[in-house]
Amino acid sequence: MKPLTEQEIRAAFVNCTKGEAKRLSVPRDLAERPWDDLDFLGWRDPQAPDRAYLAIELDGRPVALALRCPSAASWQMRRSMCSMCVTTHTGGVSLMVAAKAGRAGQQGNSVGAYMCSDLACSLYVRGKRDAGAGARLHETLTLDEKIQRTVVNLAAFIAKATT
């Protein structure tokens, strides 16, 4: 992924107002992010644990979504699988919900997907972050195919939020 600036990220949000995008928390360490290993940028809001955000480049332009996610609960300690990168975690997968863009979102419509709670799918797929024993199922796919699957899954989720 090509590095994004704070201004590019704020301008890329499709499911919140410009004012909301201006006020949301963008990571301060953008320059230190492992951009070459990222298929998308995902982060949790340190001031609001129930908020998360992601940004990806689709068709040559950045697209970003604001997400809502539940706080950790005891029932989340079971093993779950991320629907984006197919990594299993014990307590590390959350239902991430995005308000739909436009009028549908203003009417309260939303879409959701189970994702890695830390939104580090790119790093799990590449083996740069460890989710624990049994986190990655044995597959015959190449690394490039796993990366492509993650990007396609995320693009499909974004498409549901923007249509």
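Whatever comes next refers back to the structure up there.
The following refers to the structure shown. (Residues numbered from 1 in each chain as written. Predicted model: local features only at pLDDT ≥ 70, side-chain atom pairs only at ≥ 80, totals over all residues. Heavy atoms only, no water.)

### Section: the nonpolar core
Applied cut-off: In this text, buried Ala, Val, Leu, Ile, Met, Phe, Trp, Tyr and Cys residues form a nonpolar core when linked through side-chain atoms within 4.5 Å. To sort residues, take the accessible area from a 1.4 Å probe on protein chains only and compare it with the maximum for the residue type: under 20% means buried, over 50% means exposed, and anything in between is partly exposed. Helix and strand assignments come from DSSP, with helices taken as H or I runs of at least 4 residues and strands as E runs of at least 2, each series counted from the N terminus. Contact criterion: two residues are considered in contact whenever any of their non-hydrogen atoms come within 4.5 Å of each other.
If you look at the biggest cluster of nonpolar residues, it comprises 46 residues, and the most contacted ones within it are F13, M115, L154 and F157. Counting only elements with at least two residues in this core, the list comes to α1 (6-12), β1 (41-45), β2 (48-58), β3 (61-68), β6 (93-99), β7 (110-116), α4 (121-125) and α5 (143-162). Here L154 is in contact with F40, L54, I56, M84 and M115, once residues within four sequence places are set aside.

### Considering unusual backbone geometry
Despite not being glycine, D59 has its phi angle at roughly 55°, a positive value. Structurally, D59 is set in the loop between β2 and β3. Here the phi dihedral of V86 falls at roughly 60°; this positive angle occurs in a residue that is not glycine.

### Description of the layout of surface pockets
Going by this rule: We place a 1 Å grid over just the protein atoms. Points where a 1.4 Å probe fits but has no way out form a cavity, open points with protein on both sides within 12 Å along at least 5 of 7 lines form a pocket, and any residue with an atom within 4 Å of a point lines it. Grid points are joined across faces, edges and corners, and a volume is the space filled by probe spheres set on the points. Each residue gets one label: Ala, Val, Leu, Ile, Met, Phe, Trp, Tyr, Cys and Pro are nonpolar, Asp, Glu, Lys and Arg are charged, and the others, such as Gly, are polar.
Within this model, the largest pocket holds a volume of roughly 460 Å³. Looking at the largest pocket, it is lined by 20 residues, and the ones nearest its centre are N15, C16, E20, A66 and R68. Looking at the lining of the largest pocket, the elements that each hand over two or more residues are α2 (18-23), β2, β3, β6 and α3 (102-106). For the lining of the largest pocket, the class distribution of residues is nine nonpolar, six polar and five charged. Roughly 170 Å³ of internal volume is contained in the second largest pocket. Forming the walls of the second largest pocket are 13 residues, and the residues nearest its centre are R33, G42, A120, L123 and R129. For the lining of the second largest pocket, the element with the most residues is α4, which contributes three residues. Taken together, the residues of the lining of the second largest pocket sort by class into eight nonpolar, two polar and three charged.

### Looking at the packing of aromatic side chains
Heads up, the condition is: Each Phe, Tyr or Trp ring, with Trp reduced to its six-membered ring, pairs with another whose centre is within 6.5 Å; inter-plane angles below 30 degrees give stacked pairs, above 60 give edge-to-face pairs, and intermediate values give tilted ones.
Tallied over the full model, the rule gives two aromatic pairs. An angle of 90° between the planes, with centres 5.9 Å apart, marks the rings of F13 and Y53 as edge-to-face. Of this pair, F13 sits in the loop between α1 and α2 while Y53 sits in strand β2, and the two are 40 residues apart along the sequence. A single burial state applies to F13 and to Y53, both of which are buried. Take Y53: its relative accessible area is 3%, and that puts it in the buried class. The rings of F13, W43 and Y53 are connected pair by pair, giving a single aromatic cluster.

By themselves, these are just geometric observations and shouldn't be taken as functional.
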